[in-house]
Amino acid sequence: MDYLNSLNSQQYQAVTAGTGQVLVLAGPGSGKTRVLTQRVAYLIDAMGVRPSAILAVTFTNKAAREMEERVNKLLPGRAGGLWLGTFHGVCARILRREAADAGLSRSFVIFDSDDQLAIVKAILRDLGIDKLKDPRLSAYAVHAAISRAKNDLILPEDYPIGLRSRKYDEVYAKVYQRYQAELDRNQAVDFDDLLMRTYLLLSGKPSIREQYARRFEHVLVDEFQDTNRPQYELVRLLSSYHHNLFVVGDEDQSIYRWRGADYHNILRFTKDYPDHQKILLEQNYRSTQTVLDAAMAVIRRNPNRTAKRLFTQLGRGTRLTLYEAEDDRQEAEFVVDTIRETARGKISPGDFAVMYRTNAQSRLLEEAFLSAGMPYRLVGAQRFYGRREVKDLIAYLRLIQNPGDTVSLLRVINTPPRKIGDKTVGMLQFTAADLETSPGEILLSLGRSGPASPHWGRFDSRAATALADFGAQLAAWIDLRDSEAVPALFDRILSDIRYQEFIDDGTDEGEDRWENVQELRRLAYQQEQGTLAGFLEQIALVSDQDTLTESGDAPTLLTLHAAKGLEFPQVIIVGLDEGVLPHIRAIESGDAEEMAEERRLFYVGITRAKERLYLVRADRRGGFRGYEEQIASSFLDDLPEDLVERRGPASSRASSRAYRAYRRDSQWDGGGSNWGRAREPYTVPPPARPAAAQERQFTPGMRVSHASWGEGMVIESRLMDGDEIVDVVFESVGIKRVMASLAKLQKL
DNA sequence: TGGCTCTGTATTTTT
DNA sequence: TACAGAGCCA
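This text gives an overview of the structure that appears in the document.

## Examining the pattern of salt bridges
Using the criterion set out here, one finds 55 salt bridges in the structure. Notably, a salt bridge pairs Asp45 with Arg78, separated by 3.0 Å at the nearest N-O pair. Remark: Arg78 occurs in the loop between helix H3 (61-74) and strand E3 (83-86) and Asp45 occurs in helix H2 (residues 32-45); sequence separation between them is 33 residues. For Arg78, a relative accessible area of 41% puts it in the partly exposed group.

## Considerations on the protein's contact with DNA strand B
The environment of DNA strand B is made up of 27 residues, and the closest members are Arg357, Asn414, Ser543, Asp544 and Arg585. The sugar-phosphate portion of DNA strand B accounts for 57% of its atoms within 4 Å of the protein, the bases making up the rest. In the model, a base oxygen of DNA strand B is placed 2.8 Å from a nitrogen or oxygen of the Trp258 side chain. Within the backbone of Val542, one N or O atom sits 3.5 Å away from a phosphate oxygen of DNA strand B. Looking at which element gives the most residues to the surface near DNA strand B, the answer is helix H19 (residues 422-434), with three residues. Here the surface near DNA strand B is built from residues that sort into seven nonpolar, 11 polar and nine charged.

## What to know about the side chain of Asp193
Inspection of the secondary structure assignment puts Asp193 in helix H9 (residues 191-204). Engagement of the side chain of Asp193 in a polar contact is seen with the side chain of Lys150, the distance being 2.8 Å. In this structure, Asp193 is in contact with Leu95, Lys150, Gln180, Leu183 and Thr198, ignoring residues within four places of it in sequence.

## Regarding the protein's contact with DNA strand C
As a matter of local geometry, DNA strand C sits amid Lys121, Arg363 and Phe624. Contact distances for DNA strand C include 3.4 Å between a phosphate oxygen and a side-chain N or O atom of Lys121.

## Some remarks on the nonpolar core
Counting residues in hydrophobic clusters, the biggest one holds 66 residues, and the most contacted among them are Leu55, Val120, Val175, Leu194, Tyr212 and Phe269. The element contributing the most residues to this core is helix H8 (residues 166-185), with eight residues. Look past the residues within four positions of Val175 in its chain and what remains in contact with it is Val120, Ile123, Leu124, Leu127, Val142 and Ile146.

## Brief notes about the packing of helix H4 (residues 87-97) against H9
Relative orientation of the contacting elements H4 and H9 amounts to 55 degrees, with a least axis distance of 9 Å. When the axis of H4 is compared with that of H9, the two are oblique. Between H4 and H9 the crossing geometry is left-handed. Counting all contacts with H4, which are made through Phe87, His88, Cys91, Ala92, Ile94 and Leu95, the residues of H9 involved are Phe191, Asp193, Leu194, Leu195, Arg197, Thr198 and Leu201.

## Overview of helix H21 (residues 461-483)
The end-to-end C-alpha separation of H21 is 33 Å, in line with the 33 Å expected for 23 residues at 1.5 Å each. Of the surrounding elements, those touching the buried residues of H21 are helix H17 (388-401), helix H18 (406-412), H19, helix H20 (439-449) and helix H22 (486-496). Its side-chain oxygen placed 3.0 Å from the backbone nitrogen of Arg462, Asp460 serves as the N-cap of H21.

## Brief notes about the pairing of strand E16 (residues 609-623)
The pairing of strand E11 (residues 320-327) with E16 spans six bridges and is parallel. Considered in E16, the bridge of Asp327 is made with Arg620. For strand E15 (residues 568-573) and E16, the ladder comprises five bridges, and the chain directions are parallel. When the bridges of E16 are listed, Ile573 appears paired with Leu615. Relative to strand E17 (residues 626-629), E16 runs antiparallel, the two sharing four bridges. Across the sheet, Arg620 pairs through a bridge with Glu629, a residue of E17. Hairpin remark: E16 followed by E17, antiparallel, with two residues in the connecting loop.

## Some details on the packing of aromatic side chains
A full pass over the atoms with the stated rule returns 17 aromatic pairs. Measuring from centroid to centroid gives 6.4 Å for Trp83 and Tyr212, while their planes differ by 70 degrees, and the two rings are edge-to-face. Placement of the pair is Trp83 in strand E3 and Tyr212 in helix H10 (residues 206-215), with a sequence separation of 129 residues. Of the two residues, Trp83 and Tyr212, neither departs from the other in class, the shared state being buried.

## Considerations on the environment of Ile208
Looking at the element boundaries, Ile208 is found in helix H10. Note: C-alpha distance between Ile208 and Glu98 (110 residues apart in sequence) is 8.4 Å. Sequence-distant contacts of Ile208, defined by excluding residues within four places in its chain, comprise Glu98, Asp101, Leu201 and Leu202.

Conventions adopted
- All residue numbers refer to positions counted from 1 along the written sequence of the respective chain.
- Naming scheme: in the order in which they are written, chains are lettered from A and ligands are numbered from 1.
- Thresholds applied to this predicted model are a pLDDT of at least 70 for local features of residues and 80 or more for the giving and counting of side-chain atom pairs; totals over whole chains, interfaces and linings are not thresholded and use all residues.
- With hydrogens and water set aside, each side-chain value is computed from the structure's full complement of heavy atoms.
- Throughout this description, the term salt bridge denotes a Lys or Arg side-chain nitrogen within 4 Å of a carboxyl oxygen of Asp or Glu.
- Helix and strand assignments come from DSSP, with helices taken as H or I runs of at least 4 residues and strands as E runs of at least 2, each series counted from the N terminus.
- Three labels apply to residues, based on accessible area from a 1.4 Å probe with only protein chains included: buried if under 20% of the type maximum, exposed if over 50%, partly exposed otherwise in between.
- For each residue, the test is whether any non-hydrogen atom lies within 4 Å of the molecule or strand; if one does, the residue is near.
- The definition of a polar contact used here is a pair of N or O atoms within 3.5 Å, where within protein one atom must be able to donate a hydrogen and the other to accept one, and adjacent residues in sequence count solely through side-chain atom pairs.
- Under the scheme applied, nonpolar residues are Ala, Val, Leu, Ile, Met, Phe, Trp, Tyr, Cys and Pro; charged residues are Asp, Glu, Lys and Arg; polar residues are all the others, including Gly.
- We call two residues contacting when some pair of their heavy atoms lies within 4.5 Å.
- We call a set of buried Ala, Val, Leu, Ile, Met, Phe, Trp, Tyr and Cys residues a nonpolar core when their side-chain atoms join them within 4.5 Å.
- For helices, the fitted axis covers only the stretch in contact; all axes are lines through C-alpha atoms, and the angles between them, taken along N-to-C directions, range from 0 to 180 degrees.
- Each angle receives one of four descriptions, namely roughly parallel if under 35 degrees, roughly antiparallel if over 145, roughly perpendicular if within 65 to 115, and oblique otherwise.
- In this scheme the handedness of a crossing depends on how the near helix is turned from the far one: anticlockwise by less than a right angle means left-handed, clockwise means right-handed.
- Helices are assigned an expected span. That span is 1.5 Å times one less than the residue count.
- Pairing between strands is defined by DSSP: at least two bridges between the two strands are required.
- Centres within 6.5 Å make a pair out of two Phe, Tyr or Trp rings, where for Trp the six-membered ring is used; the pair is then stacked when the planes are under 30 degrees apart, edge-to-face when over 60, and tilted otherwise.

Shown next as structure tokens:
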């Protein structure tokens, strides 16, 4: 157990904690992963726990893999059989094993965001709602409402009508029901289903719950601040027999609120498990004190947090650089120049990470790198898996795995073109609906039996032949699926459909597309041992971080979200402008929690830096209609002057003056200023001053009473401008939004 | 049926 | 900008 010697006393305490519940509050860079890894090793090594009785849940597959490697290094050959993975991955595994009890086909597929959105779109079209052009009824918004419901563990038939708006809720409820029915018809689940269905399975079937709860003597959870309701409940259920629960988190790094994550789960944990041990990890082993001081100055402004003191023994280090460029092109050039000029000697290009708030910001950066002839690594799964050619091939694979997957079928039925047009497809769907089967089954019947198929007569002979040809192909692939490994199947599809001919038209773009196909093929070849189902699952659940490769000495480009859990010697954060970071949507929402999350995002970015941190902004940015003037991010205001060295053409000029004037104005006009040729004004709430910081007095579910409206229940509450805005459903008058200070609500 | 052009609109973050 | 979807024509 030599490994224990390298721990500080808090880390040691955490790693060697006995049984029961343990909450480790770990600041950035405090050795959280190390504690988790060694804890697992300690359980096996010192406490004699079988690896297969340990469940460890991480946030990304990458983190899981790293943890596995490190445990294996500590205990060579003794850690096999650990359950290690992401929440979504673990849930998929459980659902696959318990498919029958979960009401699923064992070969269920996981729909990606595009498929999910496509289903919502089709339903809206069917209901004639797409014509309304109401942004709150856009496919995107409706899908978000469904996702929110699932994250609140609300089933379609229980969707509450009239809580917010009767008109919208009715649509959401209806679409939710049809959406879920459509998933069922396709034998498919979405991301939220993985969590919700596992929760329903475990909560609804005591025998299955007990089986898993007995099995997992120890449950460990990483990034606990980013768990949502289903995840919290799952952890509770899975640890409900042995009650050994070890969670690690940091409220200040919670950045997935929009996905239902709720850092209050940390507080909830302390209440639900009153006998827990709490251990604080404050010593930072990653960054210089300057970086930490900057980080603390930024995060201090957030209300509702446990104050932490981050300290290091790595010395003061270099001051931050704040570079103010004239425009976003110059911003990108600064990034490239800085890396080129600094990366020599001890610092190499691979030491750099460039972080941004939105993916769109990577474009200019990429262009700048390309024109400078410098390589870079871009983190992001969507970039690859969202490509048409990649999606096509995955759709083929999914269809072979599950012919009931009509979404995939429709995607590939005429791609490449095989003379099956809209009319034929319409007939196919109609027939399937008529006979209460899936289009895929009809296709297979035509393929296997030809004119002898009972469905043949439904189509004219040309259409029937085309369908039968494709059906026969599909049937052959399905046979191959059962006899061959994934790579062989993949190559067979490629050659059968002559995909290269279709996609690679000799243009640069065509070559590019074919290159992507090759990349997917490489991934398939790594799946020599695994099943098709496993390959598809792995593909469906890749996280952005999983696409981060270790190879090559090139700077990494990634979003602030994707940067969570990583560290780099040199960090450049771009886009420090009001409206970019913090993002305009957070500002416009007027929701203090959303602004707090933007701040946490900045905090996460800052604390990734080991040695040196650059912050970059631009006076003007190109939007989709020309350039727009920018104001420096209000977050920059919170950095102590003595930690920052200002540079750049813009720093001493107009923008700063305008910015200061703007700040002054916003003191008394409540935000919104016009100067120069500024665009539409928007209001910027003042940064959360400690004075204005306060606790929420009302939480959802709480019973309250009001002098004239009587009793009601709180459905939502948030802090805004130092007051609390509470939504309450009153028994007498329905839903009302009130200011806590004026309404004099009484808690019951 | 297939391919082209034109138009309108928008995703912030991602499992 | 960029991408999906509609509309048009061969």
